[in-house]
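Coordinate inspection notes
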Amino acid sequence: MTPLDQLAALEREITDCRKCPRLVQYLENVARIKRRAYRDWTYWGRPVPAFGDPGARLVIIGLAPAAHGANRTGRMFTGDRSGDFLYKQLYRAGFANQPDSKRAGDGLVLKDVLISASIRCAPPDNKPLPEEICNCLPYLERELMLIRPRAILALGGIALHTYLDLLKGQGFIASRAAFPFGHGASFQLPGDLPRMFAAYHPSQQNTQTGRLTPAMFASVLRKIRKFLDG
Ligand code: SF4
């Protein structure tokens, strides 16, 4: 099996996963009850696979699918305000062919970037439990082994910690302490590990309060582009 076939098989495996009963029950409930504005939708209501270019040099790690966003559309960051912000920025930075992401099959193609997450099921209140992140970590690990990116962008502290915990488990780092989260932070990791970048998560909580502006996010993407093309 080629790495591409292996990645496709892994993503199919993820969508069938039911390791976290609390999350499975929650996302199925959300899919059944729906939000009034989306009552005509058939919600995805399952774990959401990674989305993007399988040959990507950049992997973006988000937190989790949104209950009425990716859990509805079945595609990472698709159908919610965070995604509206993120894809517009990726388009401007040349990582996407269009600025909008409304539904799967809308023609959006990512270039040189793949979007994954700390966990693949929408958690209540966007708050996964530590054991749920732990359950899901092997999927991220396997994805990264197949894609072998040159750079990783963690969106928010939880995504950064998830990736650092993975490296700790693999014996590459002793602790997270040397890699504190900060918007625009970047770290050289040991050996030939990808370069690590961090940014605030483009949640409404951050973008509507001005904690994260388009200019701030664009600046991180420019840094990454310079690194990849340098
Ligand atoms: S969060 Fe991950 S490990 Fe848990 S059920 Fe969803 S896909 Fe499976």
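Residues numbered from 1 in each chain as written. Predicted model: local features only at pLDDT ≥ 70, side-chain atom pairs only at ≥ 80, totals over all residues. Heavy atoms only, no water.

1. Comments concerning the packing of aromatic side chains
Aromatic ring pairs are described here by two measures, namely the spacing of the ring centres and the angle between the planes. Counted according to the given criterion, the structure contains four aromatic pairs. Here the aromatic rings of Phe181 and Tyr200 are separated by 6.0 Å at their centres, their planes lie at 50°, and the arrangement is tilted. In this pair, Phe181 sits in the loop between helix H6 (157–169) and strand E5 (186–187) while Tyr200 sits in the loop between strand E6 (195–199) and helix H7 (204–207), placing the two residues 19 residues apart along the sequence. Residue Phe181 is classed as partly exposed on the basis of its relative accessible area, which comes to 30%. Positioned above the aromatic ring of Trp44, the side-chain terminus of Arg46 is 4.6 Å from the ring centre. Here the guanidinium or amino end of Arg150 rests over the ring plane of Phe227, the centre of that ring lying 4.9 Å away. (Phe/Tyr/Trp six-rings, centres within 6.5 Å; stacked < 30°, edge-to-face > 60°. Helix = DSSP H or I, 4+ residues; strand = E, 2+ residues; numbered from the N terminus. Buried < 20%, exposed > 50% of the residue type's maximum accessible area, 1.4 Å probe, protein only. Lys NZ or Arg CZ within 6 Å of the ring centre and 35° of its normal.)

2. Comments concerning the sheet that holds E6
Ordered by their spatial adjacency, six strands build an open sheet running E1-E3-E2-E4-E6-E5, and the pairing between neighbours is mixed. Edge positions in the open sheet fall to strand E1 (51–52) and E5, since each of these has one partner strand only. Here E1 pairs with strand E3 (residues 113–117) via two bridges, running antiparallel. By the bridge assignment for E3, Phe51 is matched with Ile115. The strands touched by helix H5 (residues 130–147) are strand E2 (58–62), E3 and strand E4 (151–155); relative to E3, the strand with the most contacts, the crossing angle is about 165°. Its contacts with the sheet place helix H8 (residues 214–229) against E2, E4 and E6, and it is angled at close to 165° to E4. (Pairing = 2+ DSSP bridges. Contact = heavy atoms within 4.5 Å. Axes fitted to C-alpha atoms, helices over the stretch in contact; angles between N-to-C directions.)

3. Quick look at the site of the ligand
Around the ligand, a shell composed of Cys17, Lys19, Cys20, Leu23, Pro47, Arg120, Cys121, Asn135, Cys136 and Tyr139 is seen. Its residues assigned to classes, the shell around the ligand comprises seven nonpolar, one polar and two charged. (Near = heavy atom within 4 Å. Nonpolar A, V, L, I, M, F, W, Y, C, P; charged D, E, K, R; others polar.)

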